[in-house]
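# Coordinate inspection notes
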Amino acid sequence: MELALPPMMGSSGFLPSGSLLESLIHVSNEVASMEKLPFVQVRNISTMIRRIKLLSSLFEEIKEINTPLTPSSVLCLTELFSVIRRVKVLIEGCKDGSSLWGLIQTEFISNHFFVIVKEIGRALDILPLSLLNITADIREQVELLHMQAKRVELFVDPKELQRREELLQVMSSTNEKKRKNKSFIDIETVKEVFSSIGLRSPLDYEEEISKIEAEAQKQAGTGGLIVVSNINNLISLVSYSKSMIFSEESEKTKEDIKQPYASRNRNLDRSSSSQSMSSNIPDEFRCPIKLDLMKDPVIVESGHTYNRNSIAQWINTGHHTCPKSGQRLTHMALIPNYALKSLVHQWCQENNIPLTECSSNASELERSNSKKKACEKAIDHISAKKVAIDAVKMTAEFLVGKLAVGSPDIQRQAAYELRLLAKTGMDNRRIIAEAGAIPFLVTLLSSNDPIIQENAVTALLNLSIFDNNKVLIMAAEAIDDIVEVLESGKTMEARENAAAAIFSLSMIDDFKVGIGARPRAILALVGLLREGTTAGKRDATTAIFNLALYNANKARIIIAGAVPLLIELLMNDKAGITDDALGLLALLLSCPAGLEDIKKSRVLVPLLIDLLRFGSAKGKENSITLLLGLCKDGGEEVARRLLINPRSIPSLRSLAADGSLRARRKADALLRVLNRCCSQSHNPVG
């Protein structure tokens, strides 16, 4: 939200140093207090912050003097306010935006800083320092800043220019090598460039990909096809580089990625051999759906094996049965058949069949060639997106393989990588599930290694954000293992993420029933509500709230002892879950057993009265809901306690006049109830 600018001058031509100076000091302090500055535009940003800090000292001294400002002073300060707001937006853009895109745009962004400094100089041109009763030190500093701003020259960091050229050279050579069917990129150069702008861990790479994707969406309507294409090429480069740099078998991975590009233009040369070999494919290597070679075999729930693309197409068109057996599939997880895949690849190598050749007859080959020609004419960003998805798929399958057969150390690293990969992007979550990760992650929930268990439950939490994965996780019978982690997880973070996973899974109504039917689940959530950190208590409260939306679960929650614990947490300011606790209590109020537990508390009513005055908007609404329910069902006692409290009636009247729509309605209803209670004394309160 932008700060409102005050009027420039009053009727007398002067403006008291009020809201304008306060706004200037506020926005200047926001700029001066910025931390964790980006790895790009370091010198321009740090220099700009020093200038703003100096101006902030000027603004504070003018405010302390508290004398009217001349019109020229008002005009200068108004201009400076506009400029400093632009400084804030520019620096935040550098901090929160893509570092790689900022590196490519380094000259453009540097020019923005240059223009802003010039505008500061022009604003200071009209500041009458001689008419301001400021100290000599501040006057000298402002004069020096003014002189520097007038003489400033455009500064573009030569190191950033060099890194930018290296990056552009990598991108250019990548496209050239793709056309000439050569190897993909110089990974060491890429790693060095990426490290120089702060990309040093898998999480850094994932965050950068998210930022570049956001930039692509922002540029889609205004940047033009070339700009969007370049951004998407960056996404592809970062995704590919992440999988190469952080893979334990980087050399093997490189060969897998190079092969599609190295074989792209060999189709015509090998078409005759491909056609002759297609008729010699062993039956056990053929997909039962299309009878083509299974280059990527996966196993469905029925135990039958199919080519991934064929069975995925079958499922995506609405089928929920095994094509071969007709058995209904209760879940759609596709488990890689590594043994068969190894045999198929070995057979392909022995018969000189490229692993990326997908056609099994001449007509398919012709269609593939025609599609290839069409694709070469398509916009680059389409292929970039495909490469990015392929890189995620390759990485996911590699990591799932490590989960399946790796040592504990390898499983720990693989689970961590999947946890990060599933953190961003619905496509990533879908691809990881299709790679068969969920059953293996469920198995790792019972690991004795605390880190493996924590990574496994957190990966399942991240995967569950994708709705179809919720079904797969429940079908894998994961809920009992998740509850086990929630009860006695080896780290508090594992327990908290187990609670968050239960919340995510219970977003589907049918699963509220299934989870609530397990008494251990609710007891474990209440246990975390008692023992967890602030984040853990919040996770537990939101999960319990979600389960309580199914009426049958309310009684189980109350039996587990949630109500007195929630009231205790309301009294503890450090718990940090006031609004969540109030919302859950208001929901449990509709259950007779919940009402009885709430009525037993002697401290709740005065606490709710205080929250009517000092709580958040949501907290006030839920406080009124509780008070209204207690007055209706708790009778005259609660009403009398409200009437004798001098703070209750003014707070209710204030909310009835100025609260949210729901709060006004509830406050009016409660005031009517209180009026009825004291009508015999002829002293109405409304």
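Residues numbered from 1 in each chain as written. Predicted model: local features only at pLDDT ≥ 70, side-chain atom pairs only at ≥ 80, totals over all residues. Heavy atoms only, no water.

Another aspect to go through is the overall build of the chain. If you tally the helices and strands in the chain, you get 35 helices and three strands. Sequence separation of 24 or more characterises 72% of the internal contacts of the chain that already satisfy a separation of 6 or more. Carbon and sulfur atoms provide 52% of the accessible area of the chain, an area that totals close to 32800 Å². (Helix = DSSP H or I, 4+ residues; strand = E, 2+ residues; numbered from the N terminus. Contact = heavy atoms within 4.5 Å. Areas by Shrake-Rupley, 256 points an atom, 1.4 Å probe, with all protein chains shown as cover.)

Ranked by size, the top nonpolar core spans 108 residues in total, and within it Ile482, Ile502 and Ile515 carry the most contacts. Apart from residues no more than four positions distant in its own chain, Ile482 is found in contact with Leu445, Ile473, Ala498, Ala501, Ile502 and Leu505. Membership of the second largest hydrophobic core comes to 43 residues, among which are Leu77, Ile109, Phe113 and Val117. (Core = buried A, V, L, I, M, F, W, Y, C linked by side-chain atoms within 4.5 Å. Buried < 20%, exposed > 50% of the residue type's maximum accessible area, 1.4 Å probe, protein only.)

What follows deals with unusual backbone geometry. Backbone geometry places Leu291, a non-glycine residue, at a positive phi of 60 degrees. The phi dihedral of Glu477 is positive, around 55 degrees, even though this residue is not glycine. Positionally, Glu477 belongs in the loop between α21 (467–475) and α22 (479–488).

Among all positions of α21, only Asn469, Lys470, Leu472, Ile473 and Met474 are buried. Elements in contact with the buried residues of α21: α18 (426–434), α19 (437–444), α20 (450–463), α22, α23 (492–505) and α24 (509–516). Positive phi shows up at Glu477, right after α21, with a value of about 55 degrees.

Moving on to helix α26 (residues 534–548). The end-to-end C-alpha distance of α26 is 21 Å, a good match for the 21 Å that 15 residues give at a rise of 1.5 Å each. What α26 keeps buried is the set Gly536, Lys537, Ala540, Thr541, Ala543, Ile544, Asn546, Leu547 and Ala548. Packing partners of the buried residues in α26 comprise α23, α24, α25 (519–531), α27 (551–559), α28 (562–570) and α29 (578–588). (Expected span 1.5 Å × (residues − 1).)

The next point concerns the confidence of the model for the chain. Of all residues in the chain, 81% attain a pLDDT of 70 or more, and the chain-wide mean is 78. Low pLDDT, under 50, characterises residues 1–16; the stretch is placed with 31 contacts to residues that sit more than four places away or in other chains. Contacts of residues 177–184 to residues separated by more than four positions or lying in other chains number 16 contacts, the stretch itself having pLDDT below 50. (pLDDT = per-residue confidence, 0-100.)

Enumeration over the complete set of coordinates arrives at one aromatic pair. Directly above the ring of Phe155 sits Arg43, whose terminal nitrogen or CZ lies 3.9 Å from the centroid. (Phe/Tyr/Trp six-rings, centres within 6.5 Å; stacked < 30°, edge-to-face > 60°. Lys NZ or Arg CZ within 6 Å of the ring centre and 35° of its normal.)

As summarised here, the arrangement of the three strands in space is β2-β1-β3, forming an open sheet in which the pairing is antiparallel. A single partner strand is all that each edge strand has here, and the edge strands are β2 (305–307) and β3 (335–336). As defined by bridge partners, strand β1 (residues 297–299) adjoins β2 across three bridges and the pair is classed as antiparallel. Its bridge partner being in β2, Val298 is matched across the sheet by Tyr306. On the sheet, helix α13 (residues 308–316) packs against β1, β2 and β3 and is oriented at approximately 95 degrees with respect to β2. (Pairing = 2+ DSSP bridges. Axes fitted to C-alpha atoms, helices over the stretch in contact; angles between N-to-C directions.)

If you walk through the whole model with that rule in mind, you get 25 salt bridges. Of the charged contacts in the structure, one is a salt bridge between Glu107 and Arg164, with a shortest N-O distance of 3.7 Å. Placement of the pair is Glu107 in helix α5 (residues 106–125) and Arg164 in helix α7 (residues 158–180), with a sequence separation of 57 residues. Residue Arg164 is classed as buried on the basis of its relative accessible area, which comes to 10%. Bridged by salt links that share partners, the residues Asp296, Arg308, Lys393 and Glu397 form one connected network. (Salt bridge = Lys/Arg side-chain N within 4 Å of Asp/Glu carboxyl O.)

Across the interface, helix α2 (residues 42–65) lies against helix α6 (residues 136–151) with an axial gap of 10 Å and an inter-helix angle of 140 degrees. In terms of orientation, α2 and α6 fall into the oblique class. The handedness of the crossing between α2 and α6 comes out as left-handed. Two secondary-structure elements touch here, α2 through Arg51, Leu54, Leu55, Ser57, Leu58 and Glu61 and α6 through Ile138, Gln141, Val142 and Leu145. Residues belonging to the contact of α2 with α6 are distributed by class as follows: six nonpolar, two polar and two charged. (Parallel < 35°, antiparallel > 145°, perpendicular 65-115°, else oblique. Left-handed = near helix turned anticlockwise from the far one by under 90°. Nonpolar A, V, L, I, M, F, W, Y, C, P; charged D, E, K, R; others polar.)

Okay, the environment of Gln413 next. Secondary-structure assignment places Gln413 in helix α17 (residues 408–421). The exposure class of Gln413 is partly exposed, given its relative accessible area of 34%. C-alpha separation for the pair Gln413 and Ile452, spaced 39 residues apart in sequence, amounts to 8.2 Å.

Its boundaries defined by the atoms lining it, the second largest pocket holds a volume of some 400 Å³. Surrounding the second largest pocket, 17 residues form its lining, Gly93, Cys94, Ile109, Glu215 and Lys218 being those nearest its centre. Here the residues of the lining of the second largest pocket sort into seven nonpolar, seven polar and three charged. (1 Å grid on protein atoms, 1.4 Å probe; cavity = no way out; pocket = protein on both sides within 12 Å on 5 of 7 lines; lining within 4 Å. Points joined across faces, edges and corners; volume = space filled by probe spheres on them.)

On the secondary structure map, Glu417 appears in helix α17. On the accessibility criterion, Glu417 (4% relative accessible area) is buried. Setting aside anything within four residues of it in sequence, one finds Glu417 in contact with Pro202, Lys242, Phe246 and Leu399.

Let's shift gears to the environment of Gly93. In this structure, Gly93 sits in helix α3 (residues 71–96). Judged by its relative accessible area of 45%, Gly93 falls in the partly exposed class. Sequence spacing of Gly93 and Pro38 is 55 residues, and the spatial spacing of their C-alpha atoms is 9.8 Å.

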